[in-house]
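# Structural overview for review
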Amino acid sequence: MPEPTLTIIKGVSFISNKKLWYDRPARKWLEALPIGNGRLGGMVFGGIQEERVQLNEDSIYYGGPKDRNNPDAIKYLSKVRQLIREGKLFEAEQLAVVSMAGIPRYLNAYQPLGDLFLRFLCHRDIVDEYSRELDLEKGIVRVRYKVNDSIFIREYFSSAVDQIMIIRLECNRPNILSLNINFMRRPFDPGSKAIDNRIIVEGQSGEDGVKFCFIADVLLEDGDIYCIGDALHIEDASNVTILLSANTNFYHNDPRSVCEEQIKRAKEKGYERLKISHIEDYQNLFNRVTFELEDKNPSLSLYPTDERLNQIKEGNEDLSFIPLYFDYGRYLLISSSRPGSCPINLQGIWNDSFTPPWESAFTTNINLEMNYWPVEVCNLSECHEPLFELIKRMDMCGRKTAKVMYGCRGAVAHHNTNIWGDTAPVGKGPYIWPMGFAWLCLHLWEHYKFSLDTDFLLNTAYPLMKDAVLFFLDYLVEDENGYLITGLSQSPENSYRLPNGETGSICRSPSMDSQILKELFSAYISASEILQVDLNLQLEVKKVIKKLPPLKIGSIGQLLEWDREYEELEPGHRHMSHLFALYPGNQISPKKTPELANACKITLERRLAYGGGSTGWSRAWMINLWARLEDGERAYNSLLELFRNFTAPNLFNLHPPGVFQIDGNLGAIAGIAEMLIQSHEEEIQILPVLPKSWVNGYIKGLRARGGFEVDIFWNNNKPVKVVIYSKKGGMCKIRIGSVIKEIETKPEDICEISI
């Protein structure tokens, strides 16, 4: 059992244990513990006689890039729009299904690298004192157990510095370790070769697919090693260091040569230096934020993590579990998104299936965006970079889609993409939702708002945002009321019924479209003003934004999801797309738009009354929505519901019926941050919606828009000290309750506010 750490601040004791730990090996994948360096990931089972480490490399996709743009789309676009306008929804959808769907209709799947097996020949007696843990402070998984008087310790980590995964086996007695090591990729195994005391695998993921190479090498101080069949056989070693390298032709022309070089450098460096450099690199990111809550009944913190989760599911409160979950989410983000890697897909980088749910795609109608909601506020700005690189690739593809399918300038993307930046519609049905690229471009603006990096704005964000804007300047059409609408879209994955009884999903003007466009156009106008570029285009966008449809309130006070009040086929739908303007957008707030905020509240209550929040990511979104509505208790209850109903033993977030999706983990920690700090309304609001049971606590290192970092300490549910670190200088406006303070800062100023 890991030893907890005691910290005392102003007489309040905080017991911290930044480890997930278990008293038995994983019996299934959702009990295994993840490691990753952004690109190379593993799931550690911790088996005794046989260890399995399931491996992923983030660019191994079946098949390669394709031009899926439907050439008939432009011919039938106006006809589909006309049919929708005439209320002929069935005809419109049937025409869209054939004329506008991507060809082929689905993207290819993200696939596992394979499995590494360690079969121990020295564990034939009874095992005692077993523990398996993930050390969040060091980014290392450990397994420890005792056989007679021999103590065995294993460590596993994936180094971003050296681009190598390392497994270290140790025993307190010399010359005890004997084992076999082999690799499998069932059922698509190209065959591994054990040559020169190494395992080498080279293969390709489908015809025209990604080519990959995997090498496993071993460092020994004593004992013997030799090859038997496809395995490495080790005898009588005191310790064993296994080095794993994997690369693909997505990143490199010659993956094998890169693997060889990485292994060579790692062997020269040695285990201790590999471990030290990994910890230093990881802690540079992880240690930026510290979060603790006082738990006056800390006994549950001594339980194994899965037992703690079961106690929460039974209704017991475990306050120290919340910072642990928050830290675990940051660990997952650091481990699955690093500069130079691909961005986080639906499963992060951890996937054990060759046919994963939803192809482990980048789903851009909520899930990919949610993955990156916490990245800026949680002070992990570098981890945003893989998403920005994907947006650049999408821009290249999206220009072609815009031209070929719609006859428009700029760039467009639909509701799914892949590592090559595919932008054509995805799915067998009429899934025509042209808002994916626009929404993603708002992440570029958010990065600027937090960092105030004008070089990034000029060279990266602005050109991409401009392409998103140009598309909609051409795509929008005027309706009978003079508003500019998309004319063909949908409210993501939801359906409605017309008065004539016809049902469907495609529509003229879903509320979410105009909300995203208002955010995009506003951001573009601000960016062009800051950079003083494209004045004529800026003036055009200022005219267009005034003609977007306004938000509408329905007959029971709810915010309307479509341009008029249709019957909802699924009132408890998992998506809450028409609440985009509340979160992650900033168009609705209780202070500035109380009537619309109340409509959002009624909408959320109605969703819940009909069974909404029925997936992990949907619950995570609710945490953020309730936080923006300044309802801390409902935000906290949504967090608890996520723990109780949508969390696996290894704390992975679950989508029914038990499928891992990382978006819920990352959306939830964004929600925790949103309860403690908000900065979307040109002020930094301190503890805006602190739950009543979070009586005493502190959080250090959160970021706020405007280039600020913030530490917050509170006692008896009230802030007692706030420290502001100004990175860029300028006016800092702080709201604490009803009190507003304005502080003029210079770059690198530190301002302490005692309350």
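Residue numbers run consecutively from 1 along every chain, following the written order of its sequence. For a predicted model such as this one, the threshold for reporting local features is a pLDDT of at least 70, and the threshold for listing and counting side-chain atom pairs is 80 or more; totals across whole chains, interfaces and linings nevertheless cover every residue. Excluding hydrogens and water, the side-chain values take into account all heavy atoms of the structure.

Attention shifts here to the environment of valine 533. Helix numbers and strand numbers start at the N terminus; a helix is a DSSP run of H or I with at least 4 residues, a strand a run of E with at least 2. When you line up the elements, valine 533 lands in the loop between helix H11 (511-531) and helix H12 (535-545). With 75 residues separating them in the primary sequence, valine 533 and leucine 458 have C-alpha atoms 9.6 Å apart. Contact between two residues is taken to exist if any of their heavy atoms lie within 4.5 Å; hydrogens are not considered. Setting aside residues up to four positions removed in sequence, valine 533 forms contacts with Tyr462, Ser528 and Gln538.

Domain delimitation follows an automatic or database domain assignment. For the protein chain, the assigned domains are domain 1 (18-61 + 112-290), domain 2 (69-103 + 361-550), domain 3 (552-663) and domain 4 (697-754). Computed over C-alpha atoms only, the centres of domain 1 and domain 4 are separated by 43 Å.

Here 4 strands make up an open sheet; going across it, the order is S31-S32-S36-S37 and the pairing mixed. Of all strands in the sheet, those bounded by a partner on one side alone are strand S31 (677-678) and strand S37 (739-745). For two strands to be treated as a pair, DSSP must find no fewer than two bridges joining them.

Any carboxyl oxygen of Asp or Glu within 4 Å of a side-chain nitrogen of Lys or Arg constitutes a salt bridge here. Tallied over the full model, the rule gives 58 salt bridges. A salt bridge links glutamate 57 to arginine 39; the nearest nitrogen and oxygen atoms lie 3.0 Å apart. With glutamate 57 in strand S6 (residues 50-57) and arginine 39 in the loop between strand S4 (33-36) and strand S5 (40-44), this residue pair connects regions lying 18 residues apart in the sequence. One exposure class covers both glutamate 57 and arginine 39, and it is buried. We note a salt bridge from aspartate 467 to arginine 399, for which the minimum N-O separation is 2.9 Å. Highlighted residues: aspartate 467 in helix H10 (residues 454-475) and arginine 399 in helix H8 (residues 385-406), separated in sequence by 68 residues. Salt bridges here are not isolated pairs; linked through shared partners, they connect Lys19, Glu133, Asp135, Arg142, Glu155 and Lys275. Burial classes: relative accessible area under 20% of the type maximum marks a residue as buried, over 50% as exposed, and values in between as partly exposed (1.4 Å probe, protein chains only).

If you add up the space inside the largest pocket, you get close to 1100 Å³. Along the wall of the largest pocket there are 49 residues; nearest its centre are Glu446, Lys449, Asn586, His680 and Arg705. Elements represented by at least two residues in the lining of the largest pocket include exactly helix H9 (436-451), H11, helix H16 (662-676), S31 and strand S36 (730-736). Counting residues per element, the lining of the largest pocket draws most heavily on H9, which supplies 8 residues. Gly is placed with the polar residues, together with every amino acid not listed as nonpolar (Ala, Val, Leu, Ile, Met, Phe, Trp, Tyr, Cys and Pro) or charged (Asp, Glu, Lys and Arg). Residues that form the lining of the largest pocket fall into these classes: 21 nonpolar, 14 polar and 14 charged. By volume, the second largest pocket amounts to about 480 Å³. Class assignment for the residues of the lining of the second largest pocket results in 8 nonpolar, 11 polar and 4 charged. Composition of the lining of the second largest pocket by domain shows at least three residues from each of domain 2 (69-103 + 361-550) and domain 3 (552-663). Points on a 1 Å grid, built from protein atoms alone, make a cavity when a 1.4 Å probe fits but cannot get out and make a pocket when they are open with protein on both sides within 12 Å along at least 5 of 7 lines; residues with an atom within 4 Å of a point are the lining residues. Grid points are joined across faces, edges and corners, and a volume is the space filled by probe spheres set on the points.

Pairing within the open sheet is antiparallel, and its 3 strands lie in the order S26-S25-S28. The sheet is open, and its two borders are formed by strand S26 (503-504) and strand S28 (567-568), each paired with just one other strand. Sheet analysis places strand S25 (residues 496-497) next to S26, joined by 2 bridges and oriented antiparallel. Considered in S26, the bridge of tyrosine 496 is made with glycine 504.

Let's shift gears to unusual backbone geometry. Residue tyrosine 583 is joined to proline 584 through a cis peptide bond whose omega torsion reads 10°. Looking at the secondary structure, you find proline 584 in the loop between S28 and helix H13 (594-609). Residue proline 656 is joined to proline 657 through a cis peptide bond whose omega torsion reads 10°. Its identity is not glycine, yet glutamate 630 carries a phi of approximately 60°, on the positive side. With respect to the element layout, glutamate 630 can be found in the loop between helix H14 (616-628) and helix H15 (632-645).

For every element, the axis is a line fit to its C-alpha atoms; helices are fit only across the contacting stretch, and the angle between N-to-C directions ranges from 0 to 180 degrees. For the pair helix H1 (residues 73-85) and helix H2 (residues 89-99), the least separation of the axes is 8 Å and the interaxial angle reads 165°. Taken together, H1 and H2 sit at an angle that is classed as roughly antiparallel. Crossing of H1 over H2 shows left-handed handedness. Across the interface between the two elements, Ala73, Tyr76, Lys79, Val80, Leu83 and Ile84 from H1 touch Leu89, Glu91, Ala92, Leu95, Ala96 and Ser99 from H2. Residues of the contact of H1 with H2, tallied by class, amount to 9 nonpolar, 1 polar and 2 charged. Roughly parallel means an angle under 35 degrees; roughly antiparallel, over 145; roughly perpendicular, 65 to 115; everything else is oblique. For any helix crossing, the convention is left-handed if the near helix is rotated counterclockwise from the far helix by under a right angle, and right-handed if that rotation is clockwise.

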